[in-house]
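Spelled out, the chains give:
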Amino acid sequence: MCGIVGYVGHGDTKEIILHGLKTLEYRGYDSSGMALMSNGEILVEKKAGRIENLEESMKGKNFSSEIGIGHTRWATHGVPSDRNSHPHYSMDKSAAVVHNGIIENYQVLRKELEEKGYVFSSDTDTEVISQLIQDMYNGNILDTVSKVVKRLEGSYAIGVLHKNHPDELICAREHSPLVVGIGEKENFIASDISALLKYTKDVYYLKDGDIAVLKAGSIEIFDRDEKPVTREKKYIEWNLEQATKCGYPHFMLKEIFEQPQAVKETFEKRVHNGKVDFSDVLNYEDIKNINKIYIVACGTAYHAGLQGQFALQKIAKLDSATDIASEFRYSDSFIDEKTMVIFVSQSGETSDTLAALKEAKAKGALTIAVTNVVGSTISREAHKTIYTMAGPEIAVASTKAYTTQVTIFYLLALYMAELRKVISKEKYEEYLSEIKNMPEKIQNILDNCEKIKTAAEYFKDRTNGFFIGRGLDYKVAIEASLKIKEVSYVHTEAFASGELKHGTIALIEEGTPVVVIATQKNLIDKSVSNIKEVKARGAYIITVGFDDEESLKNVSDNFIGIPECNDMFSGFLSIVPLQLLAYYTSDAKGIDVDKPRNLAKSVTVE
Ligand code: F6R
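Treat the numbers as computed from the prediction; the structure is a model and nothing was measured. (Residues numbered from 1 in each chain as written. Predicted model: local features only at pLDDT ≥ 70, side-chain atom pairs only at ≥ 80, totals over all residues. Heavy atoms only, no water.)

### Thoughts on the sheet that holds strand β11 (residues 202-205)
Strand pairing in a sheet relies on backbone hydrogen bonds. The paired strands run either parallel or antiparallel. The sheet built from eight strands is open, its strands ordered β3-β2-β4-β1-β10-β9-β11-β14 with antiparallel pairing. Each having just a single partner strand, β3 (41-48) and β14 (233-235) make up the two edges of the open sheet. Across the sheet, the mean angle separating the axes of adjacent strands is 20 degrees when strand polarity is ignored. Contacts from helix α1 (residues 13-24) reach β1 (3-9), β2 (31-38), β4 (67-73) and β10 (186-190) within the one sheet, and its direction differs from that of β1 by about 155 degrees. Its contacts with the sheet place helix α2 (residues 51-58) against β2, β3 and β4, and it is angled at close to 135 degrees to β3. (Pairing = 2+ DSSP bridges. Helix = DSSP H or I, 4+ residues; strand = E, 2+ residues; numbered from the N terminus. Axes fitted to C-alpha atoms, helices over the stretch in contact; angles between N-to-C directions. Contact = heavy atoms within 4.5 Å.)

### Quick notes on the packing of aromatic side chains
According to the stated counting rule, one finds 12 aromatic pairs in the structure shown. A ring pair is formed by Y410 and F569, whose centres lie 5.1 Å apart and whose planes are at 40 degrees; its orientation type is tilted. Residue Y410 is located in helix α13 (residues 400-419), and its partner F569 is located in the loop between β26 (558-562) and α19 (571-588); the two are separated by 159 residues in the primary sequence. According to the relative accessible area criterion, Y410 is buried, its value standing at 0%. Note on Y410 and F572: the rings are 5.1 Å apart at their centroids and 50 degrees apart in plane angle, and the pair reads as tilted. One end of the pair, Y410, is in helix α13; the other, F572, is in helix α19, and 162 residues separate them in sequence. Pair check on accessibility: Y410 and F572 agree, each one buried. (Phe/Tyr/Trp six-rings, centres within 6.5 Å; stacked < 30°, edge-to-face > 60°. Buried < 20%, exposed > 50% of the residue type's maximum accessible area, 1.4 Å probe, protein only.)

### Regarding the domain arrangement of the protein chain
Note on interface size: it is often stated as the accessible area lost on association of the parts. Looking at the protein chain, the domain boundaries give domain 1 (3-244), domain 2 (252-436) and domain 3 (446-588). The C-alpha centroid of domain 3 is placed 45 Å from the C-alpha centroid of domain 1. (Domains from an automatic or database assignment.)

### Focus: the nonpolar core
Grouped together as the largest cluster of nonpolar side chains are 122 residues, with contacts concentrated most on L282, I315, M340, Y410, M416, F569 and L581. No other element matches the 12 residues that α13 contributes to this core. Discounting residues that sit within four places of it in the chain, M416 has contacts with L282, I287, I293, L312, A316, L318 and M340. One finds F120, V160, I170 and I211 within the second-largest nonpolar core, a separate group that totals 26 residues. (Core = buried A, V, L, I, M, F, W, Y, C linked by side-chain atoms within 4.5 Å.)

### So, the site of the ligand
Lining the immediate environment of the ligand, one finds 13 residues, of which S345, Q346, S347, T350 and E486 sit closest. In the environment of the ligand, an oxygen atom lies 2.6 Å from a nitrogen or oxygen atom belonging to the side chain of S345. A total of 400 Å² of accessible area belongs to the ligand in isolation, and the protein chains cover 90% of it. Listing elements by their share of the shell around the ligand, those giving two or more residues are α9 (299-314) and α16 (472-488). Residues of the shell around the ligand, tallied by class, amount to four nonpolar, seven polar and two charged. (Near = heavy atom within 4 Å. Polar contact = N/O pair within 3.5 Å; in protein donor to acceptor, adjacent residues only side chain to side chain. Areas by Shrake-Rupley, 256 points an atom, 1.4 Å probe, with all protein chains shown as cover. Nonpolar A, V, L, I, M, F, W, Y, C, P; charged D, E, K, R; others polar.)

Set out below in structure tokens:
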């Protein structure tokens, strides 16, 4: 949801900001822009559309500068256009601002400023910030920004340049992510560390209410009362290679192919000498009085939670429920100190998930975050955090984050089952070995993906389709359906196989693709009947099942086999060909797979 970046130092400011913007483009790609301090003036260059448009418009122009800020936008207030692109000047061009977040009281502020004679040149909420900086400027830029942000309601991470402070980059945050990168005689700001990896791995995560003043040789951080504070310096383990395509045509494909490694690393981080270890997060004392577990998340992370619920119930015999974060907040769920709530979020910044977390915490629940980003807001807000080891996920469509989240849930279920003494030693070992074998089995699917391309060729010319499954397979169907919708724009719906005939089957006509996931062994016969029901009405059947399942092969137009495993764990595998189906369909349609329309990776607005 918008990315901001900033630089101060003696490097090539324009190029450093462009690089940062390209890395952050997944956060929004409606427009981009930058402001550079040059010879005592702030120059602003901004363009609607992709960053290439900005790059093109800056070609051949001399922008020598040692300080600048940049922005890539996911439009909220005001249509995507040059005029609504950031940075936004103040009326007298003394200040320029980039912003990620939403200023909820911007209309009141705008009216007040307009009454004073300020003329606005955009429809955005952000412009009130730059105008307020002009209006409230008192010669001290730290004090001015501090007073300005006190007038804002909502969320913000901002980068500010001011003409009278030509060697200072000022930033502030409240409910939107912001990280400060520490360099050698140069310093940086960014919405997310991936923009900084090329230059530094040492960072400070700012806390809500913090304001930082960066010069080439210094970083000063202040709290909301302008008192100097120190923040812990963190070293980021991710490397630049992980954040580049490495020869793959798209990040999504690269990330799908990284799943064996990502699942393996997530497993190895938590399993030592044949035992699952979450003792840094939970012990028996923590869970002995817990009588309900909620799993709360959005989108794909929510779908991983559905598999998590299955694992916690089946393996740890714990009463659990999964809810969508934006619903959970307002659903008056019964939560008290006997409730554990697990919040799942790849980015650790999703606004609805964060708000639900704060609510659950206030009601006394034990809160656990499962996230991929070290130091993210959700990781800091929860009582305890479990990190997935997916590495940076750049493609908008989540893939490896999902499978690593699923890995965490299954390991957690085993860990809790043992703490609760509800699992035998034999079963514990058998289940652990199933999880351990998953990377190799996922690799096997990736090595044999030709049939999936045929299915994608079929899908690419369709406008509608269905994904059906029973039990665990239904949970995977929901994620598979989202994947194809978001990257290939084919409208699909996921249904519990038995439910389709209660109305929706009316939509099946000659050629409608129906993807059947059928791995639950005790339900195969029922799945075969469901296939026949839709096939009799003209459906084209693509089935994902275990390699040797002849009864399914016989009734399918395209059968995609996955390696044999205990069917309680099949969700690790059945999703992989369907991620590829979404990818290949999108690619065959010529869609920009990594940046599908209308989306942004990190949804930091409600
Ligand atoms: C879909 C996708 C989204 C995210 C959702 C939550 O491919 O990526 O549905 O899963 O926006 O994001 P996080 O996990 O960052 O909280």
